[in-house]
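Take a look at the letters that make up each chain.
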Amino acid sequence: MERPFILGCSACIAVGGLVLAAYKLGVIYQLFHKTETKSPRHGGESVAEVLRAHGVKFLFTLVGGHISPILVACEKVGIRIVDTRHEATAVFAADAVARLSGTVGVAAVTAGPGLTNTVTAVKNAQMAESPLLLLGGAAGTLLQGRGALQDIDQMSLFKPLCKFCASIRTVREIVPTLRKALAIAQSGTPGPVFIEFPIDTLYPYHLVAKEFAVKNPPKGLMGKVVSWYLNNHLMNLFAGAWETRDVSPLPVHIPQATDGQVQRCVELVSRAKNPVILLGSQATLPPTPVEDIRKALEDLGIPCFLGGMSRGLLGKDSPIHIRQNRRDALKEADLVLLAGTVCDFRLSYGRVLSRRSKIIAVNRDKSQLLKNSDMFWRPTVAIQGDAGSFLVRLSKGLKGHRCPEEWPQTLKAGDLTKENANRAKADEKTEQHLNPLKVLHRVDELMAEDSIIVADGGDFVGSAAYIMRPRGPLRWLDPGAFGTLGVGGGFALGAKLCRPESEVWIVYGDGSLAYSVAEFDTFTRHKTPVIAVVGNDACWSQISREQVPILGSNVACGLSFTDYHIVADGYGGKGYLVGREHGDQLSDIIRKAQKVTKEGKAALLNVLIGKTNFREGSISV
């Protein structure tokens, strides 16, 4: 009696399985959406449409056949294609554009080694919280995992590095996937996103059809099945590809402090006698204009320590910008506001914070907001929200209230004492070559007011962070928490494209220079004249300074006083050698380099420097 019921269930299961298979294979979709087999259009055009609608002006790349349709289509719609000499540079340049423009930086690289070359740069963007879109080529949809050229499991590489990863499987997916990725990159805590484009989703139908054609199909039923499957896959790949789709930006979600949280912080700050604000890069993120944040800080009158992208936020000589003696200031502070600043190694994991201080922490990322709070510090108020808008609202809530003036004046006096001591060190004569501190002071004095400073190196750049002063907001670029070497060429390229009227200075160590010196070719070809000053002491000094006294060996730390200025000449730039014998001419040489860049050539100052004991005890671990 139960047999018909069982048979009925089996039939339902079979029908359901067929419907599911038809759906998965796109058979059902093709019933309602046309495949335009005669259309010359290709997937690269869809990419270009979305990027243009999102205000993307530059696409950085190192060319490869997998991604050529993207590059050609973007150029046709007015997006500037900037090709570099290394894929990592392309991503670093996109990172810089994201930081300086408030939009998403975009890079496109070819499959396999093209993508693996970007891993460090993408990780750096993740840790620096830069909204970045990486477009990667890939083997064809049916050839992945079958030994195709440059075919690897790219998704597994980038899932740990990116907020969102997707592999395009049909041309119709390009537009909605790109829109989603661009919104995710900017929402919450900004970061990189990755989209993989199999080669058959980017080229026109007639070219892809040639690749799908089976020259000698198996005979009989199996041959028919194989032919049907391949033809169906091809038709589904392009079904509905050129239907009109919305390419406009999706909403971006940015977490905000609640009114109650802001009010509680207003009360805490109003009672503080010795408050301090520590600003990190996150405080400069959109949507709040940096000038609004600057005004809010000036109205509060609270002494500020600036780090990362927030350097320069208060201008060159603000009475509330404190540059020195941070550890001592934090010991005396009765309230500390961490505005996008994280209690990682840069704050000794929170150990530099006094347990007597009230601590307000504001960060978009919950894990960063509470980093090490279970061990070395504890927030009085922890707010998962945007730091920039929080500061503006806090200032409005404290309208008419200012920090007691004696406190910032005391800290500023300590600043001047320390900076005078640093300047005295700059006048000391080194055993050989030039004093690096004197060189940095001179560059700082002569650089244009609109200069952007790119920091790429160890010991020399560490000294520069104490001496060089960006004149305004968003005029300092360093790698961030990852401490990556090699950012210089890409960061400078992106900065010069965003601010062509500004002087862009790269402060290089001679070790870090080698990572991107080939980009002088890029600067020449793309008419982006930057100035590089290289502290050349023929050594990985940041490491050697501690390795030698602790372990008694300089192994792997020694370099040569290489003629980097000649390398710059060879790539179409202008190089200058600056040794001790040129000490009296240093200012003139710097001015010559500035003049050369105004005439359209990138310049490199190969400055031979000696050893000092400045920053002694700073260990790079």
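Residues numbered from 1 in each chain as written. Predicted model: local features only at pLDDT ≥ 70, side-chain atom pairs only at ≥ 80, totals over all residues. Heavy atoms only, no water.

- The protein chain has the name 2-hydroxyacyl-CoA lyase 2 in an unreviewed UniProt entry, where Nothobranchius furzeri is given as its organism.

**Describing the overall build of the protein chain**
Then, number 1: For the protein chain, the count of helices and strands is 25 helices and 17 strands.
Then, number 2: In terms of overall dimensions, the protein chain is globule-like: its C-alpha atoms have a radius of gyration of 28 Å, near the 25 Å expected for 621 residues.
Then, number 3: Taken over the C-alpha atoms alone, the protein chain extends approximately 95 × 60 × 50 Å along its principal axes.
Then, number 4: Relative to its full complement of 621 residues, the protein chain shows a buried share of 55%.
Then, number 5: Long-range contacts, defined as pairs at least 24 residues apart, comprise 77% of the intrachain contacts of the protein chain with a sequence gap of at least 6.
Then, number 6: In the structure as shown, the protein chain presents an accessible area of about 27,300 Å², 56% of it carried by carbon and sulfur atoms. (Helix = DSSP H or I, 4+ residues; strand = E, 2+ residues; numbered from the N terminus. Rg over C-alpha atoms; globule rule 2.2 N^0.38 Å. Buried < 20%, exposed > 50% of the residue type's maximum accessible area, 1.4 Å probe, protein only. Contact = heavy atoms within 4.5 Å. Areas by Shrake-Rupley, 256 points an atom, 1.4 Å probe, with all protein chains shown as cover.)

**Section: the pairing of strand 11 (residues 381–384)**
Residues in a regular strand point their side chains to alternate faces of the sheet.
Then, number 1: Across the two faces of strand 11 the burial differs, with Val-381 and Ile-383 buried and Ala-382 and Gln-384 not buried at all.
Then, number 2: As paired strands, strand 10 (residues 358–363) and strand 11 are joined by 4 bridges and run parallel to one another. Bridge pairing links Ala-361 to Ala-382 in strand 11. (Pairing = 2+ DSSP bridges.)

**Some words on helix 18 (residues 436–446)**
Then, number 1: Burial in helix 18 covers these residues: Pro-436, Leu-437, Val-439, Leu-440, His-441, Val-443 and Asp-444.
Then, number 2: Residue Asn-435 occupies the N-cap position of helix 18, its side-chain oxygen lying 2.8 Å from the main-chain nitrogen of Leu-437. (Polar contact = N/O pair within 3.5 Å; in protein donor to acceptor, adjacent residues only side chain to side chain.)

**Quick notes on unusual backbone geometry**
Then, number 1: Residue Pro-287 follows Pro-286 across a cis peptide bond; omega there is 15°.
Then, number 2: For Pro-287, the position within the fold is in the loop between strand 7 (275–279) and helix 13 (290–300).
Then, number 3: Positive phi, close to 65°, is recorded for Asn-372, a residue that is not glycine.
Then, number 4: Even without being a glycine, Leu-474 presents a positive backbone phi close to 55°.
Then, number 5: Mapped onto the fold, Leu-474 is located in the loop between helix 19 (459–467) and strand 13 (476–477).

**Focus on the sheet that holds strand 12 (residues 452–456)**
Then, number 1: A sheet is described by the order of its strands in space; here 6 strands give the open sequence 13-12-14-15-17-16, paired in parallel fashion. Where the open sheet ends on each side, the last strands, each with one partner, are strand 13 and strand 16 (574–578).
Then, number 2: Strand direction decides the pairing type here: strand 12 and strand 14 (residues 504–509), joined by 5 bridges, are parallel. The residue bridging Ile-452 from the neighbouring strand is Val-504, located in strand 14.
Then, number 3: The sheet strands contacting helix 20 (residues 488–498) are strand 12, strand 13 and strand 14, and the helix crosses strand 14 at an angle near 175°. (Axes fitted to C-alpha atoms, helices over the stretch in contact; angles between N-to-C directions.)

**With respect to the nonpolar core**
Then, number 1: In this structure, Phe-60, Leu-279, Leu-297, Leu-338 and Phe-390 are the most contacted members of the largest nonpolar core, which totals 103 residues.
Then, number 2: With 9 residues, the top contributor of residues to this core is helix 5 (residues 87–101).
Then, number 3: Here Leu-338 is in contact with Leu-278, Cys-343, Leu-347, Leu-353, Ile-359, Ile-360, Ala-361, Val-362 and Trp-377, once residues within four sequence places are set aside.
Then, number 4: In terms of nonpolar packing, the next biggest core, distinct from the first, is built from 41 residues, Leu-59, Ile-70, Ile-168 and Tyr-205 among them. (Core = buried A, V, L, I, M, F, W, Y, C linked by side-chain atoms within 4.5 Å.)

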